[in-house]
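Descriptive structure summary
Listed below, chain by chain, are the residues.
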Amino acid sequence: MSIDGSTHDTHNLELQDMIPREELEQSGPHAPLLAPTDPSPDHDDAVLPSENYSSGWFIWILTFSAGLSGLLFGYDTGVISSTLVTIGSDLSNRPLTTLDESIITSCTSLFALVASPFTGILADKCGRRGVILAADALFALGALIQASTSQVWGMIVGRSIVGLAVGSASAVTPLYISEIAPSHARGRLVTIMCLLITGGQVVAYIVGWLFSETAGGWRWIVGLGAAPAFLQFAVLIILPETPRWLVQAGFDSRAMNVLTRIYQGRPDRDHIVARVMGNIRGEIIREALEMDQSKAPGTKAQWLHDASERAHNLFHDSGNRRALIIAMMLQGLQQLCGFNSLMYFSAIIFTALSFSSPTLTSLTVAVTNFFFTLLAFWLIDRIGRRRILLYSIPVMILALSLCAIAFSSLDISLDPHSPKPPQDGPDNQSALYPLLILFCLTLYTAAYAFGLGNVPWQQSELFPLNVRSLGSGFATATNWGSNFIVGLTFLPMMEWLSPTWTFFTYAMVCAFGWVAVRAIYPEMSGLGLEEVKGLLAHGWGVEESIQRRQDSQES
Ligand SMILES: O[C@H]1[C@H](O)[C@@H](O)[C@H](O)[C@@H](O)[C@H]1O
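Below is a short write-up of the structure. (Residues numbered from 1 in each chain as written. Predicted model: local features only at pLDDT ≥ 70, side-chain atom pairs only at ≥ 80, totals over all residues. Heavy atoms only, no water.)

Things to note about the pattern of salt bridges
When the charged atoms of two side chains with opposite charge come close together, those side chains can pair. Under the defined criterion, the tally for this structure stands at 11 salt bridges. The shortest N-O distance in the salt bridge between Glu179 and Arg468 comes to 3.0 Å. Here Glu179, found in helix H7 (residues 152-180), pairs with Arg468, found in helix H20 (residues 465-496); they are 289 residues apart in sequence, far enough to count as distant. Taken as a pair, Glu179 and Arg468 share a single burial class, namely buried. Arg385 is the salt-bridge partner of Asp381, the closest N and O atoms lying 3.0 Å from each other. We note that Asp381, like Arg385, is buried. Residues joined by salt bridges that share partners form a network here, namely Asp124, Arg128, Glu179, Arg310 and Arg468. (Salt bridge = Lys/Arg side-chain N within 4 Å of Asp/Glu carboxyl O. Helix = DSSP H or I, 4+ residues; strand = E, 2+ residues; numbered from the N terminus. Buried < 20%, exposed > 50% of the residue type's maximum accessible area, 1.4 Å probe, protein only.)

What follows is the structure, encoded as structure tokens:
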């Protein structure tokens, strides 16, 4: 009997009986139970094309409940720009200094960066759902501290706690969703989290705009962040752990139960559930054979030993290392392409360009981001992750370059402390350039939201089970580290390098990213989680993945 009363199954013994040890040993850490090129119907659940089977309500409820973390993440990152401009002298009885503003803004990304790698370790120890629940507690606590504080340091503490929550939620939520998702719909289901992030940012902009004229309105703006956290806490407490984590923890019958509910409505449900269970168990057994089991099971020593072996595995196994390089490259690119400089500072840019309502103009960025993430949601599994990036990044490069050229024709200062007084619209002499910049930034946002804004969050699918949460944690840390860098350097770059060179720099980052994606990112769409690792075992798997996708589309 386990601590929670359910029985541990003896699957390890059963499967070792079924699969000869030499076979498991020969297969190596990155070999799938089934060769990825085998198009037989035994491949996980990729048998039926998505058009023939719509996922049941259970998977949607699970995805939306977990995805509420995305809403919180989006809300809490989107809310800062309106909060800063409405605080006035409410904190420490004085106006905020530039240093206060920079610390209040950047402490969230910094603490998110600190939390994300530890999240991976905790998610293995306490389960994915446990970490989401802990993040909810932090979201609520951080929101309440911010709403009730009368001191600058109180605000910094509140924003830092929110940073811990955002860092853990952004690492564990895609992990949770990709582990419960049937493979044919995994891309779309993970994209729901991105939809909720961008939706949260739209809500934050609207709430900020609504409360911007109310005295002390900023307390409502930040305090409202607690509401979705309470909601998610209530919903998630009755929802299950992922089958993959349950099997790893020894709760096979519970895992079977969850899988049966996930695949309900499929004519071949029992067969699929058996296949998925077989694949997960096979993977766990192979890993167990590789791990040193000399310490007493369940002890702290064994746990520490396993954790360090996982870290060793992540960095020293060549397949895992390739997965980590791809995941970190994509997450770094997502941030270093400069998108969040718009999220955080678009109001300052539009003020400098003399738009009469900069906050409302900024809303176009947030709304475009949301709608094009919605488009990606419909198309990601059909077009494929790799192709979506190869199509959308050139549009970003074009839009950024046009923007840079348009900026070179304007003489503006982006110093947030000496904004130009808003006029009724861009002045007549240079009205065209600000409009051209607005158009280019909207085009850039659309292309970003369609590809880079969401594809990197598919990160969990790159890693085998034993290093999945650790690898996702490192990739998420790369995201927050790069986010921190962009947040910190954007205004100085605009001042010292000039807007033109700032936007050209982002265009060059995108160009480098396109080359890297083309060279090393294989197509992951439609592969079972246990199959993906086979692709990276002996190389980047790009050709193989393209061939495999063509074959599956032709058949
Ligand atoms: O995927 C999200 C989304 O694109 C957000 O709009 C952006 O602010 C985040 O940094 C990113 O991780």
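Still more ground to cover, so stick around.
Remarks on the site of the ligand
The full set close to the ligand counts 14 residues, and Gln201, Gln334, Asn340, Asn369 and Gly453 are the nearest of them. Between Tyr448 and the ligand, the recorded distance is 3.4 Å, taken from a side-chain N or O atom to an oxygen atom. One of the side-chain nitrogen or oxygen atoms of Trp457 is found 2.9 Å away from an oxygen atom of the ligand. With the chains in place, 98% of the 300 Å² that the ligand exposes on its own is no longer accessible. Elements supplying a minimum of two residues to the shell around the ligand: helix H8 (186-211), helix H15 (318-336) and helix H16 (339-352). (Near = heavy atom within 4 Å. Polar contact = N/O pair within 3.5 Å; in protein donor to acceptor, adjacent residues only side chain to side chain. Areas by Shrake-Rupley, 256 points an atom, 1.4 Å probe, with all protein chains shown as cover.)

Some words on the nonpolar core
Counting 88 residues, the largest nonpolar core has Leu353, Leu389, Phe503 and Val517 as its most contacted members. A per-element tally of this core places helix H18 (residues 385-408) first, with 11 residues. If near-sequence neighbours (up to four positions away) are discounted, Val517 is found in contact with Met329, Leu330, Leu333, Arg386, Leu389, Leu390 and Ile393. Counting 57 residues, the second-largest nonpolar core is a separate cluster that includes Ile132, Leu189, Leu246 and Tyr263. (Core = buried A, V, L, I, M, F, W, Y, C linked by side-chain atoms within 4.5 Å. Contact = heavy atoms within 4.5 Å.)

Considering the packing of H7 against H20
Where H7 meets H20, the axes come as close as 9 Å, and the angle between the chain directions of the two elements is 140°. When the axis of H7 is compared with that of H20, the two are oblique. Handedness of the crossing formed by H7 with H20: right-handed. Residues Val166, Gly167, Ser170, Ala171, Leu175 and Glu179 of H7 touch H20, and the partners they reach there are Leu465, Arg468, Ser469, Ser472, Gly473, Thr476 and Trp480. Across the contact of H7 with H20, the residue classes tally to five nonpolar, six polar and two charged. (Axes fitted to C-alpha atoms, helices over the stretch in contact; angles between N-to-C directions. Parallel < 35°, antiparallel > 145°, perpendicular 65-115°, else oblique. Left-handed = near helix turned anticlockwise from the far one by under 90°. Nonpolar A, V, L, I, M, F, W, Y, C, P; charged D, E, K, R; others polar.)

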